[in-house]
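Residue strings, one per chain:
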Amino acid sequence: MPHPIAQHLYKIQAQTGHNFFKLWDDWLNLAVAALSRQEGEDDERYMTIMRTYGPRIPGRDHPADHFAHALGTFLHTCRTESALNGCFPDILGTIYEEEAITNRYTGQFFTPEHLCKMMAIMSVAPTQAPITIADPACGSGRFFIAAMPLAPNATFYGTDRDLTCVNMTALNMLTRNANAYVIYGNTLSMECFGGYVTRSTALGGIMRRLDAATALSLLTATSKAEAIQWPAPVSLTEPARRQPSDEPQASLPVVQDKKGQFGFEF
């Protein structure tokens, strides 16, 4: 049985014939437009999508009604799950994967949530400090969700080249009242097309859009910070030059074990 959010989208599919993933992308774009509310710009984004579904027909539900019900279901589910378990699971990523399997769509599959938790425990020391946590290919934001209980005051920097993933991460950060920058771009080529910033407040999360220039400056700053934290490895092709003050080091004896493998004695 599809998730109630997906059921609302399938009702639109029955009316329009659009495939599920077009409806999913449209719903995500409508959701972020409705929740970011950036001085008229998001109103136009919202209406541009809705115009493609045509006018209302008397006596018949319009796709806008089902999109709105899907968003209401998502927010209600987030509130309910949060009240029950505090750190609730990745609802959006799970629906996306389940429907990909159901529709025989060979698309993206995200790191399982239990592995994200393990990765978070291995890489994030529990702290109340305002640290920063970055993910260069954030998907739906699962690693951030897993890291939040360990670093509740962290600021998250996520990048993904798929707008569907960017929208899911932005909504996941917003509904968890997290401080985050979610960049729509490519970490390897340093291309940026925009993104979102979410802010934690006493009344719940707020979200605003980022333009491409601001997103690029954030991605550049994040990349430089990671380079400082993780220095470039020593080249394996060129020997390191010995400084005049270096003391000569005694060579380690090389031994061969019974399997023919070489090792070093310490």
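### Concerning the overall build of the protein
Point 1. The secondary structure content of the protein amounts to nine helices and seven strands.
Point 2. Evaluated residue by residue, the protein yields a buried proportion of 38% over its 266 residues.
Point 3. In the protein, once contacts between residues fewer than 6 apart in sequence are set aside, the share between residues at least 24 apart is 54%.
Point 4. Carbon and sulfur atoms make up 58% of the accessible area of the protein, which amounts to about 15,900 Å² in all.

### Observations concerning the packing of helix α1 (residues 4-16) against helix α2 (residues 20-36)
Working note: a packed helix pair is described by the angle between its axes plus the distance between those axes.
Point 1. At a minimum axis separation of 10 Å, α1 and α2 run at an interaxial angle of 120 degrees. The angle between α1 and α2 places the two elements in the oblique class. Crossing hand, α1 versus α2: right-handed. Between α1 and α2, the contacting residues are I5, A6, L9, Y10, I12, Q13 and T16 on the first element and F20, L23, W24 and W27 on the second.
Point 2. Here the residues of the contact of α1 with α2 are counted per class, giving nine nonpolar, two polar and no charged.

### A look at the packing of aromatic side chains
Point 1. The tally for this structure, following the rule as stated, stands at twelve aromatic pairs.
Point 2. Between the aromatic rings of F21 and Y96, the centroid separation amounts to 5.9 Å while the plane-to-plane angle is 85 degrees, which identifies the pairing as edge-to-face. In this pair, F21 is assigned in helix α2 and Y96 in helix α5 (residues 91-102), connecting sequence segments 75 residues apart.
Point 3. When the ring of Y96 is compared with that of F110, the centres are 6.0 Å apart and the planes differ by 20 degrees; the resulting orientation is stacked. Pair noted here: Y96 is in helix α5 and F110 is in the loop between α5 and α6 (113-123), with a separation of 14 residues, a long-range link.
Point 4. On the basis of relative accessible area, F110 is assigned to the buried category, the value being 13%.
Point 5. Here the aromatic cluster, defined as three or more aromatic residues joined through ring pairs, consists of Y10, F20, F21, W24, W27, F74, Y96 and F110.
Point 6. In this structure, R176 packs its charged tip against the face of F88, placed 3.9 Å from the ring centre.

### Considerations on the nonpolar core
Point 1. Formed by 56 residues in total, the largest nonpolar core has its most connected members in W24, W27, F67, I133, F156 and M173.
Point 2. At nine residues, the largest contribution of residues to this core is made by α2.
Point 3. Counting residues in each nonpolar core, the second largest holds nine residues, with Y157, V197, L210 and L218 among its members.

### Here's the deal with the environment of L75
Point 1. Mapped onto the secondary structure, L75 falls in helix α4 (residues 63-85).
Point 2. The class for L75 is partly exposed, based on a relative accessible area of 34%.
Point 3. When the C-alpha atoms of L75 and L171 are compared, they prove to be 9.9 Å apart, with 96 residues separating the residues in sequence.

### What about the side chain of R142?
Point 1. Looking at the element boundaries, R142 is found in helix α7 (residues 142-147).
Point 2. Residue classification places R142 among the buried residues on the basis of a relative accessible area of 7%.

### Here's the deal with the confidence of the model for the protein
Point 1. Here the protein shows a mean pLDDT of 84. Residues at 70 or above account for 81%.
Point 2. Scored below 50 in pLDDT, residues 233-266 shows 16 contacts in the model against residues more than four places distant or in partner chains.

### Regarding unusual backbone geometry
Point 1. One non-glycine residue, N177, lies in positive phi territory at about 55 degrees.
Point 2. Mapping N177 onto the fold places it in the loop between α8 (163-175) and β3 (179-186).
Point 3. A positive phi angle, close to 60 degrees, is found at M190, a residue other than glycine.
Point 4. Counting through the fold element by element, M190 comes out in the loop between β3 and β4 (191-199).

What counts, and where the lines are drawn
Residues numbered from 1 in each chain as written. Predicted model: local features only at pLDDT ≥ 70, side-chain atom pairs only at ≥ 80, totals over all residues. Heavy atoms only, no water. Helix = DSSP H or I, 4+ residues; strand = E, 2+ residues; numbered from the N terminus. Buried < 20%, exposed > 50% of the residue type's maximum accessible area, 1.4 Å probe, protein only. Contact = heavy atoms within 4.5 Å. Areas by Shrake-Rupley, 256 points an atom, 1.4 Å probe, with all protein chains shown as cover. Axes fitted to C-alpha atoms, helices over the stretch in contact; angles between N-to-C directions. Parallel < 35°, antiparallel > 145°, perpendicular 65-115°, else oblique. Left-handed = near helix turned anticlockwise from the far one by under 90°. Nonpolar A, V, L, I, M, F, W, Y, C, P; charged D, E, K, R; others polar. Phe/Tyr/Trp six-rings, centres within 6.5 Å; stacked < 30°, edge-to-face > 60°. Lys NZ or Arg CZ within 6 Å of the ring centre and 35° of its normal. Core = buried A, V, L, I, M, F, W, Y, C linked by side-chain atoms within 4.5 Å. pLDDT = per-residue confidence, 0-100.

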